[in-house]
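Summary of the model geometry
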Amino acid sequence: MTVIGIVTIGPAAPADFGITMAGAAVGQQLGLLKGKRRKKSMEDVFPLAACRTVYVEASPQGGSIRSIFGLPVPERGTGLQNYASQAVDPATNGSLDWRSSAEQLPGGTPFMDCPSDPAKSALLLANSGPTTISKLALGRDLAIVDFGEPYYGSPALECLQYASYVLVITTGSRPVLARAASHTNSLLQDKMQPGKLAFVIRGDAVNPKPDGSSLQQILPAPISLIVPYDPKAAIGSVRKDKTRESSTAVRAIRTYTTKLMESNSSIGGVEWSQPTPR
C-alpha cells in the first residue's frame, strides 16, 4: 500500500484536504471525475469490498470525521482501533485487510478513524501506531493518513517512517511558515528518507494566492501544491453537496490527486511508487 501521510502546522484544516484527496482517488479509480452525471451514489456503484483507497485518522489530537459528517460513534471501537487490534496480533501477516475495519462516508469514501478523545487517540498511537501503519504499508492499496500536528514527543512521529511520502499542510503566513520550517527540520526530517517530504501551501484571507517561488526559500523541502483560498472550501465542503463541485480549492486538490495517480508522477520531485517494506 502506498501511504501518504499528512501533517499540519498552523490553522490549515487537514481533514478537508485529506478527505478531498481520498475522495478524488476513489473517484479517479471509478472514472467519475470527468464531469459525467450519475444517478447512483458512489456507495451503489463502488461497494467497500472493491475500494482501493482509504482515509485514515491517526491524530493524537483526536478524530473529528464523525462529528464533521454527523456519524454515530460505534459501540465496539473506531475503525483504527479495530484495525490496530488485528495488526498487533502476532498471527496477522501483511495480508491484513483494512476493509473489515472501515466504514464509508456519504459519497462512498472509505475511512478508519481514531477516538475523538485525544488521550485515547494518543494512547492508541503510542501502543500500536507504528505496527498499524507498517501493516497498512504492506498492502496494495492507497492510504491517506492524517497524523495531526507534530509536536515533541508525539506518538505519530514514529509512524512516519512507514509513509511513502509526507505532505506538510500549512498556510502562507510567514510566522507559520517559519514554524513549519523549524518543525520540519527538528521533528520530521530524521523520520523520513531523503526526498520523501513536501509542502502544501494553503491560501488564506490575507494571502489568497501565495507566491510559491518566494515561499520556497523559507522551506527545507519542495512545495508540491499551492491551494488558492476559497471560503467555500471550509471543512463542510467535503460533504456531498454543491460546494464540492464549485470550490476552486477543492478542485485544485482533486486535480492534483488525479494527476498523481494517472501519470504515476511525483510529489515534490519524488518518484510516485510503492514503498519498500521495512
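This structure is a prediction, so every number in the text was calculated from the model and none was measured.

1. Thoughts on the sheet that holds strand β4 (residues 110-112)
Pairing is mixed across the open sheet formed by 8 strands, whose spatial order is β3-β4-β2-β5-β1-β6-β7-β8. Strands at the two margins of the open sheet, each flanked by one partner only, are β3 (103-104) and β8 (223-227). Relative to β4, strand β2 (residues 53-57) is paired through 2 bridges, and the arrangement is parallel. Across the sheet, the residue bridging to valine 56 is methionine 112, located in β4. Contacts between helix α5 (residues 118-137) and the sheet are confined to β1 (2-8), β2, β4 and β5 (142-146), with β1 contributing the most and set at about 135° to the helix.

2. A few points about the environment of alanine 252
Inspection of the secondary structure puts alanine 252 in helix α9 (residues 248-263). Residue alanine 252 is classed as buried on the basis of its relative accessible area, which comes to 19%. Counting along the chain gives 26 residues from alanine 252 to isoleucine 226, while the straight-line C-alpha distance between them is 8.4 Å. Sequence-distant contacts of alanine 252, that is, excluding residues within four places in its chain, are made with Leu225 and Pro228.

3. Quick notes on the pairing of strand β7 (residues 197-202)
Burial runs high along β7: 6 of the 6 residues are buried. By the alternation rule, side chains of β7 split into Leu197, Phe199 and Ile201 and Ala198, Val200 and Arg202, which are all buried. Relative to β7, strand β6 (residues 165-171) runs parallel, the two being bridged by 6 bridges. The residue of β7 that forms the bridge with valine 168 is phenylalanine 199.

4. Here we look at the side chain of aspartate 204
Checked against the element boundaries, aspartate 204 lands in the loop between β7 and α7 (212-216). For the buried aspartate 204, no salt bridge is present, and the opposite-charge side chain at shortest range is arginine 202, 9.6 Å distant. Reaching out from aspartate 204, the side chain makes a polar contact with the backbone nitrogen of asparagine 207 at a distance of 2.7 Å. Here aspartate 204 is in contact with Thr171 and Tyr229, once residues within four sequence places are set aside.

5. Regarding the nonpolar core
Ranked by size, the top nonpolar core spans 47 residues in total, and within it Trp98, Leu136, Phe147 and Phe199 carry the most contacts. When contributions to this core are tallied by element, the ones reaching two or more residues are β1, β2, α4 (79-87), α5, β5, β6, α6 (174-188) and β7. No other element matches the 5 residues that α5 contributes to this core. In terms of nonpolar packing, the next biggest core, distinct from the first, is built from 26 residues, Ile65, Ile68, Phe111 and Ile144 among them.

6. Re the environment of alanine 84
Along the chain, alanine 84 turns up in helix α4. With relative accessibility at 3%, the residue alanine 84 sits in the buried group. On a C-alpha basis, the gap between alanine 84 and leucine 125 in space is 9.1 Å, while along the polypeptide they are 41 residues apart. The residues contacting alanine 84, other than those within four sequence positions of it, are Leu124, Ser128 and Thr132.

7. Considerations on empty space enclosed by the protein
Applying the stated rule across the entire model yields 1 cavity of 30 Å³ or more. Each pocket or cavity is described by its volume, and for the largest cavity that value is around 30 Å³. Val7, Phe147, Gly148, Glu149, Pro150, Ser154, Ala156, Leu157 and Leu160 together form the lining of the largest cavity. Of the residues that constitute the lining of the largest cavity, the class distribution is 6 nonpolar, 2 polar and 1 charged.

8. Regarding the pattern of salt bridges
For the structure shown, the criterion picks out 8 salt bridges. Put simply, aspartate 113 and arginine 66 hold a salt bridge, and the shortest N to O gap is 2.6 Å. In this pair, aspartate 113 sits in the loop between β4 and α5 while arginine 66 sits in helix α3 (residues 65-69), placing the two residues 47 residues apart along the sequence. We classify aspartate 113 as buried; its relative accessible area is 2%. Between arginine 99 and aspartate 97 there is a salt bridge, with its nearest N and O atoms 2.8 Å apart. The exposure class of aspartate 97 is partly exposed, given its relative accessible area of 34%. Connected through salt bridges with shared partners, the residues Arg52, Asp97, Arg99 and Asp141 form a single ionic network.

9. Details of the packing of α4 against α5
For the pair α4 and α5, interaxial distance at closest approach is 9 Å and the crossing angle is 75°. Classified by the angle between their axes, α4 and α5 sit roughly perpendicular to one another. Judged by residue contacts, Leu80, Gln81, Tyr83, Ala84 and Ala87 of α4 engage Leu124, Ser128, Thr131, Thr132, Lys135 and Leu136 from α5. Its residues assigned to classes, the contact of α4 with α5 comprises 6 nonpolar, 4 polar and 1 charged.

What counts and what doesn't
- Residues numbered from 1 in each chain as written.
- Predicted model: local features only at pLDDT ≥ 70, side-chain atom pairs only at ≥ 80, totals over all residues.
- Heavy atoms only, no water.
- Pairing = 2+ DSSP bridges.
- Helix = DSSP H or I, 4+ residues; strand = E, 2+ residues; numbered from the N terminus.
- Contact = heavy atoms within 4.5 Å.
- Axes fitted to C-alpha atoms, helices over the stretch in contact; angles between N-to-C directions.
- Buried < 20%, exposed > 50% of the residue type's maximum accessible area, 1.4 Å probe, protein only.
- Lys, Arg positive; Asp, Glu negative; His and termini not counted.
- Salt bridge = Lys/Arg side-chain N within 4 Å of Asp/Glu carboxyl O.
- Polar contact = N/O pair within 3.5 Å; in protein donor to acceptor, adjacent residues only side chain to side chain.
- Core = buried A, V, L, I, M, F, W, Y, C linked by side-chain atoms within 4.5 Å.
- 1 Å grid on protein atoms, 1.4 Å probe; cavity = no way out; pocket = protein on both sides within 12 Å on 5 of 7 lines; lining within 4 Å.
- Points joined across faces, edges and corners; volume = space filled by probe spheres on them.
- Nonpolar A, V, L, I, M, F, W, Y, C, P; charged D, E, K, R; others polar.
- Parallel < 35°, antiparallel > 145°, perpendicular 65-115°, else oblique.

By themselves, these are just geometric observations and shouldn't be taken as functional.
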